[in-house]
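The lines below spell out each chain.
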Amino acid sequence: MDAATWTVVWLTAQLAGLTTVLLLLIGTPLAWWLARTRSPAKPVLAALVTMPLVLPPSVLGFYLLLLMGPHGPVGQLTQWLGLGRLPFTFGGLVVASVIASMPFVVQPLQQAFEAIPERTLEAAATLRAGPLDRFFTVAVPLARPGFVTASVLGFAHTVGEFGVVLMIGGNIPGQTRVLSVALFEHVEAAEFAAAHRLAGGMVAFALVVLVALSLANRAQHADRAAPGAAR
Amino acid sequence: MLAGTLATFCLLVAASAQAGTVTVAVAANFAGPMARIAEGFAAATGHTVKTSAGPTGKFYSQIIQGAPFDLLIAADDATPKKLIADGHAVAGSNFTYAIGVLVLWSAQPAVVDDQGAVLASGRFNKLAVANPKLAPYGAAAMQVIQARSLTDAITPKLVTGESIAQTYQFVFTGNAELGFVALSQVVVPGKPVTGSHWRVPSNLYGEIRQDAVLLKNGAKNPAATALLDYLKSPAAKAVIQSHGYGG
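Scoring rules and cut-offs
Positions within a chain are numbered from 1, following the residues in the order the chain's sequence is written. Just so you know, chain letters begin at A and ligand numbers begin at 1, following the order they were written in. Reporting in this predicted model follows two pLDDT cut-offs: at least 70 for local features of residues, and 80 or more for side-chain atom pairs to be given and counted; totals over whole chains, interfaces and linings ignore these cut-offs and use all residues. Only DSSP runs of H or I with at least four residues qualify as helices, and only runs of E with at least two residues qualify as strands; both kinds are numbered from the N terminus onward. Exposure classes come from backbone-placed C-beta atoms, where a residue is buried if 20 or more other C-beta atoms lie within 10 Å of its own, exposed if 12 or fewer do, and partly exposed in between. C-beta atoms are placed from the backbone for every residue, and two residues are taken to be in contact when these atoms lie within 7 Å. In this classification, the charged set is Asp, Glu, Lys and Arg, the nonpolar set is Ala, Val, Leu, Ile, Met, Phe, Trp, Tyr, Cys and Pro, and all remaining amino acids, among them Gly, are polar. Comment: arc refers to directions from the helix axis out to C-beta atoms. Each axis is a line fitted through C-alpha atoms, taken for helices only over the stretch in contact, and angles between the N-to-C directions span 0 to 180 degrees. In what follows, roughly perpendicular refers to angles from 65 to 115 degrees, roughly parallel to angles under 35, roughly antiparallel to angles over 145, and oblique to any angle outside these ranges. Each helix crossing is assigned a hand: it is left-handed if the near helix lies turned anticlockwise from the far helix by less than a right angle, otherwise right-handed if that turn is clockwise. An automatic or database domain assignment supplies the start and end points of every domain. Confidence scores here are pLDDT values: one per residue, from the predictor, ranging 0 to 100.

Q: Explanation requested: the overall build of chain A in the structure shown.
A: A tally of helices and strands in chain A yields eleven helices and zero strands. Helices and strands in chain A line up, N terminus first, as α-α-α-α-α-α-α-α-α-α-α. Projected onto its principal axes, the C-alpha coordinates of chain A cover approximately 65 × 40 × 30 Å. Burial analysis of chain A (231 residues in total) assigns 35% to the buried set. Within chain A, contacts between residues separated by at least 24 positions form 72% of all contacts whose residues are at least 6 apart in sequence.

Below is the structure:
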């Protein structure tokens, strides 16, 4: 692998890693709230979180480019904060990826939290566990498979995301040229050997990730089936 | 009675054979003028034109995989030549229908001066160009930067669009203060150009010839050859020039 390819792969890994960590931090409380609330705002917020899943990435990229631009509200905010502008920067890609990959992290977490019976949490409450204690010592361990799925899908989807990063990235080596954009450039320029190396690598990566996820989930089920059978 | 019906039927068949359909792959930068040319062509001949706009490189990949296009109206002259060499287009049918004009453009007024001195001043955040590997306008932009000996100074400020259309988006939204785009993108026929621009002298970059070619798929389609001829007509030329192309 030559130096330029290595830069691209490393940058993509950094982007996906940072995005996944941020999404777990933001997505966990959000998913917990969505799983437990009876608020009338829930359907609206749930729909907003799901939207990146159904919208074409070009829609997302187009609006982000406008919002984060010098005349957009987000762009004016970041300039006022002294952060400069987000398009064409690594930070901008992180913000865009957090939005684009949000449903891939929030939905598995929400499903995992919803699967925890209310009685289990109530039992913990009768043992004088406070809300935070209940969350960290009861809910999080029970939702572990959800966290695994959320992390893997969040990471993998960020690696595979193309439309949004293409539209706001500007293809700058070492800053915004990620795998999917580099691959697109090779294909368009008819550099098929280089394209095969990246594309084949991504296919292998996706396959390995999904098989590993499926094995992890199976192990989890086996774990639960044995001691939890009496429950 | 029967003879009459038969005659009408024959007439209908003859008419439908004359009024054909031509399927055209057109370079994204030429989609606007092509729509107007197609209207004029349809009115003059009764043929129907179906156009797909997109990047020329993508059309090349699709055509060699058997895409059902009759004509390619390309953004360069290399792709039609390559298609002829590959045996996917009719030899000798390629010709230059338009010459691309490069401009340095800003969406803001008074940013770009009429000599392009702003390039050397460094008083801009980003300069957008189309990917020089993929787009002829991008390659031309890099030649201008080299001709002005500004490669080292400008490289850190460079952002690349995957196509000239994306480059235009970057500048239009103000995310890049400057960009090298096609004059045809900033020209609206009959109106002054918005923002500020410098029409790059044509001696600073290699000519951007945009060629059209008859594809093997359309070789026996009279509507396809008719459209190719219509592209050379004064009516089509007038539309092409009003949209900011030389030629």
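Q: Help me out: how do you make sense of the interface of chain B and chain A in this one?
A: Interfaces are often sized by the accessible area lost when the parts come together. Opposite the 15 residues of chain B that make contact, chain A presents 16 residues. Mapped by element, the contributors of at least two residues to the side of chain B that touches chain A are α3 (56–64), β7 (158–161) and α8 (164–172) of chain B. Here the residues of the side of chain B that touches chain A are counted per class, giving four nonpolar, seven polar and four charged.

Q: Looking at this structure, how should I read α3(B)?
A: Three- or four-residue spacings in an α-helix give side chains the same orientation, since the helix completes a turn every 3.6 residues. When we look at burial in α3(B), the residues that qualify are T56(B), G57(B), F59(B), Y60(B) and I63(B). Along α3(B), the residues classed as buried sweep out an arc of 160° about the axis, all on the same side.

Q: I tried to follow the packing of helix α2 (residues 42–54) of chain A against helix α5 (residues 90–114) of chain A on my own but got confused; where do I start?
A: Geometrically, a packed helix pair is captured by the angle between its two axes and the distance between the axes. All names here are of chain A. Packing of α2 against α5 leaves a shortest axis separation of 7 Å and a crossing angle of 110°. Relative to α5, α2 is oriented roughly perpendicular. Both α2 and α5 take part in a crossing whose hand is left-handed. Between α2, through V49, T50, P52 and L53, and α5, the contact on the second element is made entirely by I99, A100, M102, P103 and V106.

Q: Sorry, what's going on with the domain arrangement of chain B here?
A: Residue and element names in this part refer to chain B. By domain assignment, chain B separates into domain 1 (2–99 + 209–242) and domain 2 (102–199). In this assembly, seven residues from domain 1 lie in contact with nine residues from domain 2. Each residue belonging to the side of domain 1 that touches domain 2 can be placed in one class, and the counts come to three nonpolar, three polar and one charged.

Q: I would appreciate a short explanation of the confidence of the model for chain B in the present structure.
A: When pLDDT is low, close inspection of the predicted coordinates is not appropriate. All names here are of chain B. Per-residue pLDDT for chain B averages 90, and the proportion of residues at 70 or more is 92%. When mean pLDDT is compared element by element in chain B, strand β3 (residues 71–73) scores highest at 97, while helix α1 (residues 2–18) scores lowest at 50. Contacts from residues 8–17, a stretch scored under 50 in pLDDT, to residues over four places away or in other chains number zero contacts.

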